[in-house]
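Reading the structure
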Protein chains: 2
Amino acid sequence: MEKRRYIEGNMISTFKTFGYEEIQTPTFEILELFTEKSGNAIIDEIYTFTDKGGRQLALRPELTAPVIRFYTDKLQMEPKPLKLFYFGNCFRYDRPQKGRYREFRQAGCEIIGADTPEAYAELVAMAYSLLKNVGLNNIQLNIGNLTVINTLFKQLDLSKDKQKQVLPLIDKSQFDEIYSFLQEISIPNENIKTFIDLLQSSDMNKIKELLKDNSTVINELSYMETIFDLLDTAFQINDFQIKLSIVRGLDYYKGLVFEIDAPTLGAEKQICGGGSYELVSVFGGKETPTAGFAIGFDRTILALELENFTFPSIKTEIHIIPVTKDMISNSIEIAQKLRNEGMQTNIDLLQRGVSKSLKYANTKHAEKVIIVGPKELENESVTVRDMKDGNQAVVKIKDIISTLKTNK
Amino acid sequence: MEKRRYIEGNMISTFKTFGYEEIQTPTFEILELFTEKSGNAIIDEIYTFTDKGGRQLALRPELTAPVIRFYTDKLQMEPKPLKLFYFGNCFRYDRPQKGRYREFRQAGCEIIGADTPEAYAELVAMAYSLLKNVGLNNIQLNIGNLTVINTLFKQLDLSKDKQKQVLPLIDKSQFDEIYSFLQEISIPNENIKTFIDLLQSSDMNKIKELLKDNSTVINELSYMETIFDLLDTAFQINDFQIKLSIVRGLDYYKGLVFEIDAPTLGAEKQICGGGSYELVSVFGGKETPTAGFAIGFDRTILALELENFTFPSIKTEIHIIPVTKDMISNSIEIAQKLRNEGMQTNIDLLQRGVSKSLKYANTKHAEKVIIVGPKELENESVTVRDMKDGNQAVVKIKDIISTLKTNK
C-alpha cells in the first residue's frame, strides 16, 4: 500500500499539472456497455452476473467505456475539451500473468472534444511524463496509426475475417507467420513484402515513400508528423519510435495509437496503452473526438522494483513505552501531543516490559522510543532513545517536541 | 473526487499518527466468508454470483470480514498488536438511502491482539479524532457494551428468538414497543422497568447501582470506567455518552461497542460504528482479541456539506492561449516549464480565438491566463492576465515562473 500510495500520489500530481481532473465511476456496469464496445467475445473474459433485479451486470474489465458512458449520460454539455483522469480496480476472468491479476488496478485518462495534433501530443507526452515522474528510467514509447493499417488492409483486399486472423500476428510482430498467412490466401508476394516492410519500419521518410500513392494515408502521416514535431521540440521527448505494428486489442480505436513498454519486464513488458477512438456515438451521444490511455499499476510497481527504485519506507516515527501501568495516562498525553504535531506515534498497548516493547518497536522500524518511567516522570521528564545508535537522553516533557524535531 | 481526496488524505494522516498501517483486500470474496460471520440472512442483502469456475462469490458488503480473513491467512505470525486501516468500496443490495448507495465507500480499521483499556480507549479516541480532524464540529460519541446487554437478556430469561425480535426495537430506541413486547411474553413489570431504565440511562453510578448484584457486569463496567477515564483525562475527550441501547446489527460483537452520529444528518445520522468482536476463530485462526470501526465516507461528506464546511476548491492555476497556430510550440514549452514547477497548467487545444479561450479558462476557474502573441513573442515576452481583477502585464518568458510565484 505504501508503494501504491506513492505511485498514486505522484501520478495525481502529474495529471493535475496537465490540467486533468479526477473522476470515478461504479465498480459494475450493465454488461451491454462492454459488449457494445468490444463485441460478445468479451463475455468469456469478464465477470458477469445477474443481480436480484434481473439486470445483467459486469465487473468493469476496463475504465474507458464507463467514463464515456458517464460522459454521454451526464457531461455532454460541459465546456470542451474535457480532460479526465481516474484510478480504479478492474476485473478480468483470464489466466493471471506477472503483474496482471484477476483484479488489477489501472490509472488512466480520457480527453474528450479535441483532436488537434497539440491535444494528442500532450496526451502522449503526459503518459510518458507520468511514468518518468514516478521514477522509471527505462521505458520505450512506440507510436502507431490504425488508419494507416486499415488502409493497408483495404489495399491488400483483406476481408474483416482475414483481418481478424492476421491482427494477433501483427500484434506479436510474428512477421514470418504473417508472410505465410498472406501467401496462403494468394496475396501477391510484392504486396506482402511492402506490407511487412511498413510494419517493421520506423523511418518516416521510408514509410511516406512506400505509401506515396495513397492520399488518405499521406494526410494521416503528415498529421502524425506534426505530433512528432511537437513531442520533439516543444515537449522535448525524442526517444520514441514509429511502430505501425501496434494494433491494440480493440476494434474501436482509429488513428493514433501508442504503447509504452518497460523492457526490464521481459515478455509482459507493456505498461501503458492508448490512442484515439470512437465510442460516444456507440453509447448514443453526439459524436466528438475522444482519446485516452491506461497504465497498469501493478506492472509499474514491478518495473520500479526491477530498477531497484527506492520507495518511501514504512516506519513508525515514535514508540512510547509506559514502564508501569501508572504511567499509561501520562504516556497517552505525550502521544497525543506528538500526534497533534503530525508525528506517527505508537504506544505500547499490552502492558509488557520495556525490553519486549523495545523489540516490538524495532519490528515496526521506530526511529525513536520514549520511555516513560516513574523516576523521570517525577521530574516531568522522560527518556528518549535513538533506535539507530542506541543513544539515550533524559528530556523534559515540555521540550519533547522541539527535541524530536531538531534530532531528526 | 476533490472532496473524497481531501477526506481520504486527512484521514490517512490521522490513522498514521496513531501508528496504524494501510491494508487493501479484494473487491470480492468467497460468499461463505460473510455468511459465516453474519448468517445466511445476509445473502438477501448482498451482491452474490457464481464465477466461471463455479465458486460462489460476493461483492464485499463490509471490510472487517475480509481483513480478518487476510489476517487469519497471512498475518497471524506478525508481532502484536497489528493496527490496520483501510479504505474500500462496499456493496449492499438494499434500498438506497441518503448518503448510502448500493456501492459505497468506507474508511475503517482493526486492532488485532490487544484488548487492554488503553488499546480500546485509543481506538475510540482515533474514531473521534478522524471525524474532528476532517472538519466536523457537531458529532456525538455514544459508547455501549454488549456483554452488559447479553447479561440482562439472561436475567430476563429471553430466548435467542425473543432477543432477535427485541434487538431492532432497542436499536431504534423504541421503548414503548419494548415495554409492550416484554409484557406480552410475561416478563414481570418490575424487571421490564429496570431493563428500560438501564437502556435509557447514561449515568454510570445509576447503572452500577441497578446492576450491583451481577459480578460479570460489575467487572465489565469497571473495565469500561477505565476506558472512560483514559478518554477523559489522557485523550481529553469528554463529550461522550454511555448508551447501553447500542446493539449494532451484527451477532459477532461482544463487550465494547460505540457509534458516532452527526446529528445534522437527521434520521440517518450514524457515520461511524464499531467495537470489539470475535471473528478470527470463526475463520479457523487462533483466537485473539479484535476490535475496529467503520466510517461511512459519503455520509461524512454530506455532514460536512450540511455544516457548510469549506472544501479545497477545484481550480486550474494557469491557462495558456496561443494567439495563432504558430505560437503553439512556444506555448507548450512555457506550459512544460510551469508543469515542472508543479503548477496546474492548461493550454488551449482547440485553436480557438483569444476571447473564446478566455471564456473556457473562466469555466475552469483559472487563476491566471498567459496569452502568447506574435508581437510579445518577438521580445521573448508574453501577456499575463489575472483572472480575478482582469489586470494584464507583459512579462519576459525567463521571468515567468518567479512572476507567477510572487503574484499568487
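For the structure, check the block above.
Quick notes on the rules
- Residues numbered from 1 in each chain as written.
- Chains lettered and ligands numbered in written order.
- Predicted model: local features only at pLDDT ≥ 70, side-chain atom pairs only at ≥ 80, totals over all residues.
- Heavy atoms only, no water.
- Core = buried A, V, L, I, M, F, W, Y, C linked by side-chain atoms within 4.5 Å.
- Buried < 20%, exposed > 50% of the residue type's maximum accessible area, 1.4 Å probe, protein only.
- Helix = DSSP H or I, 4+ residues; strand = E, 2+ residues; numbered from the N terminus.
- Polar contact = N/O pair within 3.5 Å; in protein donor to acceptor, adjacent residues only side chain to side chain.
- Contact = heavy atoms within 4.5 Å.
- Pairing = 2+ DSSP bridges.
- Least-squares fit on C-alpha atoms with pLDDT ≥ 70 in both.
- Axes fitted to C-alpha atoms, helices over the stretch in contact; angles between N-to-C directions.

Describing the nonpolar core
One finds Ile370(A), Met11(B) and Phe293(B) to be the most contacted residues of the largest nonpolar core, which totals 129 residues. With 12 residues, helix H4 (residues 117-134) of chain B is the largest single contributor of residues to this core. Formed by 128 residues, the second largest nonpolar core is a distinct cluster that contains Phe18(A), Leu211(A), Met327(B) and Ala335(B).

Some thoughts on the environment of Gly266(B)
Along the chain, Gly266(B) falls in the loop between strand S9 (253-261) and strand S10 (270-277). Distance from Gly266(B) to Ala303(B), taken between C-alpha atoms, is 9.9 Å for residues 37 residues apart in sequence.

Some words on the side chain of Lys83(A)
Mapping Lys83(A) onto the fold places it in strand S5 (residues 82-91). The exposure class of Lys83(A) is buried, given its relative accessible area of 2%. There is a polar contact of 2.9 Å between the side chain of Lys83(A) and the side chain of Glu122(A). Residue contacts for Lys83(A): discarding those within four places in its chain leaves Phe18(A), Gly19(A), Tyr20(A), Glu21(A), Glu110(A), Ile111(A), Glu122(A), Asn346(B) and Leu349(B).

Comments concerning the pairing of strand S15 (residues 381-386) of chain B
Residues and elements named next belong to chain B. Of all 6 residues in S15, 5 are buried; the element is thus mostly enclosed. For strand S14 (residues 368-372) and S15, the ladder comprises 4 bridges, and the chain directions are antiparallel. Bridge pairing links Lys 368 to Asp 386 in S15. Where S15 meets strand S16 (residues 392-396), 5 bridges bridge the pair, whose relative direction is antiparallel. Residue pairing for S16: Ser 381 is matched across the bridge by Lys 396. A loop of 5 residues connects S15 with S16, the two strands running antiparallel in sequence, and Gly 390 in this loop sits at a positive phi of about 75 degrees.

Here's the deal with the relation of the copies chain B and chain A
When chain B is fitted onto chain A, the two copies agree to an RMSD of 0.0 Å after a turn of 180 degrees and an axial shift of 0.0 Å. Read as a symmetry element, the transformation amounts to a two-fold axis. By C-alpha distance to the rotation axis, the residue of chain B lying nearest is Phe49(B), at 3.0 Å. Interface overlap between copies is the fraction of interface residues in one copy that are interface residues in the other; for chain B against chain A it reaches 100%, indicating a shared surface.

Side note on the sheet that holds S16(B)
All names here are of chain B. Overall, mixed pairing links the 5 strands, which are arranged S13-S12-S14-S15-S16 in an open sheet. Where the open sheet ends on each side, the last strands, each with one partner, are strand S13 (345-347) and S16. Across the sheet, the axes of successive neighbouring strands diverge by a mean angle of 25 degrees, strand direction being ignored. The pairing of strand S12 (residues 318-322) with S14 spans 5 bridges and is classified as parallel. What sits directly across from Pro 322, in S14, is Val 372.

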